Amino acid sequence: MLERLIQSLEASPITKRGEYNYFIHPITDGVPLLEPDLLREIGCAMVRCLDLEGVDKIVVCEAMGIHIGVGLSLMTDIPLVVVRKRPYGLPGEVAVHQTTGYSKGELYLNGIEAGDRVVIVDDVCSTGGTMRALIGAIESTGAEIADICVVVGRGDEEIGRPLKVLVKIEVSETRVRVVDTCF
Ligand SMILES: O=P(O)(O)OC[C@H]1O[C@H](OP(=O)(O)OP(=O)(O)O)[C@H](O)[C@@H]1O
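Quick caveat, the model's predicted, so the values are computed rather than measured.

So, how was this worked out
- Residues numbered from 1 in each chain as written.
- Predicted model: local features only at pLDDT ≥ 70, side-chain atom pairs only at ≥ 80, totals over all residues.
- Heavy atoms only, no water.
- Helix = DSSP H or I, 4+ residues; strand = E, 2+ residues; numbered from the N terminus.
- Rg over C-alpha atoms; globule rule 2.2 N^0.38 Å.
- Buried < 20%, exposed > 50% of the residue type's maximum accessible area, 1.4 Å probe, protein only.
- Contact = heavy atoms within 4.5 Å.
- Areas by Shrake-Rupley, 256 points an atom, 1.4 Å probe, with all protein chains shown as cover.
- Lys, Arg positive; Asp, Glu negative; His and termini not counted.
- Charge placed at Lys NZ, Arg CZ, Asp CG, Glu CD.
- Axes fitted to C-alpha atoms, helices over the stretch in contact; angles between N-to-C directions.
- Left-handed = near helix turned anticlockwise from the far one by under 90°.
- Nonpolar A, V, L, I, M, F, W, Y, C, P; charged D, E, K, R; others polar.

Peer 1: Hey, could you go over the overall build of the protein for me, with residue numbers and the actual values?
Peer 2: Counting its secondary structure elements, the protein contains five helices and ten strands. A globule of 183 residues ought to have a C-alpha radius of gyration of about 16 Å, and the protein, at 16 Å, matches this closely. Once the C-alpha set of the protein is aligned to its principal axes, its extents read approximately 45 × 35 × 30 Å. Within the protein, buried positions represent 46% of all 183 residues. Across the protein, the fraction of contacts at a sequence separation of at least 24, relative to all contacts at a separation of at least 6, is 60%. Working note: accessible area of the protein is about 8,900 Å², and carbon and sulfur atoms make up 51% of it. Averaging the coordinates of the 18 positive side-chain charges in the protein and doing the same for the 27 negative ones gives two points 4 Å apart.

So, in structure tokens, the structure goes:
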């Protein structure tokens, strides 16, 4: 079911960001271009993988969670919340600090209320810093997190909850190797 994703991941170029071996792939970087077949494959896999029972909102993080969330929202009719990297100052906005393997920043959550049942989806989970920040922000609103799924998992960082991963990879200085898949 995930042939396109697996094949394209294993063809990813690697670049260094400090000490971090950064793989470049259409799903995680938007370049060189996103093929509809690949987006559809991922959308179908996410629908199959996630517990969407009674879910009110899909939460994604700017920027590279957005296309994943849009696909899932169109397939499920569940509204989408985009966590932004700049503040809007709206009532109830939650600010949270994000640290990844190669960067630091602030995230701003709007549109989630106490009692909401949500799923989080993202392109990749690496150090888990972004996912931990998202979980903390959502929990602080009193919403319930029904499920979490990422397209690509690299590393085994603890996020304090079960994490569903479509494809697990290892990244060396020269290549990506797919080591497990969810189906
Ligand atoms: O597990 P982590 O180490 O936190 O890494 C994963 C995060 O890193 C990337 O986001 P990034 O902040 O680079 O922004 P982008 O989506 O704009 O590329 C990616 O989209 C994830 O959200």
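Here the narrative resumes, following the displayed structure.
Peer 1: Just give me the short version of the packing of helix α3 (residues 36–49) against helix α4 (residues 66–76), but keep the residues and values in it.
Peer 2: Where α3 meets α4, the axes come as close as 9 Å, and the angle between the chain directions of the two elements is 65°. α3 and α4 meet at a crossing whose hand is right-handed. Counted together, L39, I42, G43, C44, M46 and V47 of α3 and H67, I68, L72, M75 and T76 of α4 form the full contact between these two elements. Each residue belonging to the contact of α3 with α4 can be placed in one class, and the counts come to eight nonpolar, three polar and no charged.

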